[in-house]
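Here are the chains, one letter per residue:
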Amino acid sequence: MTTKSERLLALLGVALLLGTLLAACGSTGSNTANSGNEQSIAGLQPVSLGPGEKLQAVATTNIVGDVVRNVGGDRIALVTLMNTGVDPHTFVPTPSDTAAVHDAHVVFANGAGLEAHLQELLESAGGNAAEVHVSQGIEFLPPPGDAGQEPGSEDLDSHEEEDADPHVWFSVPNVIQWTRNIEHTLVALDPGNAGYYADNARAYIGELEALDAWIQEQVDTIPEAHRKLVTNHPVFGYFADRYGLEQLGAVYPISPSSSPSAQEVAALQETIQQYDVPAVFTEDTVNPRLAQQVANDTGIELVPLYTGSLGGPGSGAESYVELMRYDVTAIVEALQ
Ligand SMILES: [Zn+2]
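Computed from a predicted model, the values in this text were never measured in an experiment.

Cut-offs applied
Residues numbered from 1 in each chain as written. Predicted model: local features only at pLDDT ≥ 70, side-chain atom pairs only at ≥ 80, totals over all residues. Heavy atoms only, no water. Phe/Tyr/Trp six-rings, centres within 6.5 Å; stacked < 30°, edge-to-face > 60°. Buried < 20%, exposed > 50% of the residue type's maximum accessible area, 1.4 Å probe, protein only. Helix = DSSP H or I, 4+ residues; strand = E, 2+ residues; numbered from the N terminus. Lys NZ or Arg CZ within 6 Å of the ring centre and 35° of its normal. Pairing = 2+ DSSP bridges. Right-handed = clockwise from strand over helix to strand, strands pointing away. Core = buried A, V, L, I, M, F, W, Y, C linked by side-chain atoms within 4.5 Å. Domains from an automatic or database assignment. Contact = heavy atoms within 4.5 Å. Donors = N, O, S within 2.8 Å, 3.2 Å for Na, K, Ca; no water. Polar contact = N/O pair within 3.5 Å; in protein donor to acceptor, adjacent residues only side chain to side chain.

1. Things to note about the packing of aromatic side chains
Step number 1: Under the counting rule described, the total for this entry stands at six aromatic pairs.
Step number 2: Seen in terms of ring centroids, Phe236 and Phe239 are 5.2 Å apart; in terms of plane orientation they differ by 50°. Their pairing is tilted. Here the two residues Phe236 and Phe239 agree in accessibility, since each one is buried.
Step number 3: The interplanar angle of 75° and the centroid separation of 5.0 Å between the aromatic rings of Tyr306 and Tyr326 together place this pair among those described as edge-to-face. Taken as a pair, Tyr306 in the loop between strand 8 (301-305) and helix 10 (320-335) and Tyr326 in helix 10 lie far apart in primary sequence, 20 residues in all.
Step number 4: On the basis of relative accessible area, Tyr326 is assigned to the partly exposed category, the value being 31%.
Step number 5: Each residue in the set Trp169, Phe170, Phe236, Phe239 and Tyr243 is aromatic and connected to the rest through ring pairs, giving one cluster.
Step number 6: Taking the ring centre of Tyr196 as reference, the NZ or CZ of Arg75 above it sits at 4.0 Å.
Step number 7: Taking the ring centre of Trp214 as reference, the NZ or CZ of Arg325 above it sits at 4.5 Å.

2. Notes on the pairing of strand 2 (residues 76-80)
Step number 1: The sheet contact formed by strand 1 (residues 55-59) and strand 2 spans five bridges and is parallel. Counterpart to Leu55 in the pairing with strand 2 is Ile76.
Step number 2: What joins strand 1 to strand 2 is helix 2 (residues 62-72), and the crossover it makes is right-handed.

3. So, the nonpolar core
Step number 1: With 65 residues, the main nonpolar core has Phe108, Trp178, Ile215, Phe239 and Tyr320 as its most contacted residues.
Step number 2: Viewed by domain, this core spans two of them, domain 1 (31-145 + 159-208) and domain 2 (221-335), each represented by three or more residues.
Step number 3: Dropping the residues within four chain positions of it, Ile215 is found in contact with Val172, Phe239, Tyr243, Met324 and Val328.
Step number 4: Counting residues in hydrophobic clusters, the runner-up holds 15 residues, among them Val251, Tyr252, Val265 and Val280.

4. Structural notes on the coordination of the zinc ion
Step number 1: All of the protein donors around the zinc ion are His89 (NE2), His167 (NE2) and His233 (NE2); their distances to the metal are 1.8 to 2.0 Å.
Step number 2: Spacing between the donor residues of the zinc ion along their common chain follows H-x77-H-x65-H. With His89 in the loop between strand 2 and helix 3 (95-103) and His167 in the loop between strand 4 (130-133) and helix 5 (172-189), this pair connects stretches of sequence that are 78 residues apart.
Step number 3: We classify His167 as buried; its relative accessible area is 1%.

5. Quick look at the environment of Ser96
Step number 1: With respect to the secondary-structure elements, Ser96 resides in helix 3.
Step number 2: The exposure class assigned to Ser96 is exposed, which follows from its relative accessible area of 52%.
Step number 3: C-alpha separation for the pair Ser96 and Leu81, spaced 15 residues apart in sequence, amounts to 9.1 Å.
Step number 4: In this structure the side chain of Ser96 is engaged in a polar contact, spanning 3.2 Å, whose partner is the side chain of Thr94.

Everything listed is a geometric property; what it means functionally is a separate question.
Right under this line is the structure:
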C-alpha cells in the first residue's frame, strides 16, 4: 500500500469519526441510521419533502428492489444497488452506491446477515437514511450448515451469516411480510401518499397469495419420494419448509464464499446416490464449476435457477414473481 493511499484512508477515518460525532449531536429525530443499526418501522417519522419532491429510496438486492417498486410505484425515486447476476453474499459497494445511500431517506435491506458489507456501506455513506430490514417480523430458520450440529460446535464467525438463514424470499408468505413492512415504512415516511402505497400493497399481496397457492399445487405434483433438493448453496430452507420438500445437501454447504472440503464433496455425492437424486440446482450468481463436477461424477443433471438475483432482460425471471415461477417450473420438471 502506498503512503498516499494510507493518508487517504486516515482522512477517511477522520471523516467517518466526524460524521459519527455530528450525527450523535444532531440526531433529534428518530430516522438517523448513522449508528448503523436496523430501524424499527414503528419509530419512523415523516420526512419533509418539497413540492414535487419524491421520497428517495435505496434497495440493496434487486429482489428487494422489485418488491419496493411494486409498493412505491412512481411516487418514490428508487435506486437498486445490485445489478442482475450479482451475488448478495459477496457484493462490494462502489462509490456511487455510497453516494446513493448518502442521499437517501430510506435504505431497504433484506437483513438477516445476507448483505455482508451492509454496515460498512451505511457507516461510510453517512447521511440520514433510515435503515429498514424488510425481513423484520419473519420467523427465521437457523443458518445453512447448522442442521445436525451440536449447539456451539460450529464457529459462527467462519462464515458471513448472523444467526439466521437469510434466504427468506423463497417462502412467499415471507415476501408478503416484506410487502407489509415496505408499505408501513413508506406510509410513515411519506404519509401524503399513504392511500397510494396501501392500494399498491393490497394489489401486490393478492398476486403473492395466488403465487403461493400455485407453487403448492406445482410441488404437490412431484412424487413424494422425489421431493428432495440438492443445490449449489443452501438457499431453499424456507422453500422446503413451506412447500413440503427436503433440502438434502449443497455443493457449498454454508455459503458460496467458503469452499467445501474434499470430504464434504464426497459426502454430498454419497447422499445423491443414496437418495437417487436426479438433479443439482445451480444459480446464476455463482460459478457452477464445482456443481458441474458433482453432476458429472454422479451422472445427474445440472439445472440452472435464479436464486439471489433476478435474471436479466429476456430471462423469464425479471421480477420476483417471475423468478419464483421460473424456479418452481424447473424444479418440478427435474424432480418428476
Ligand atoms: Zn445465499
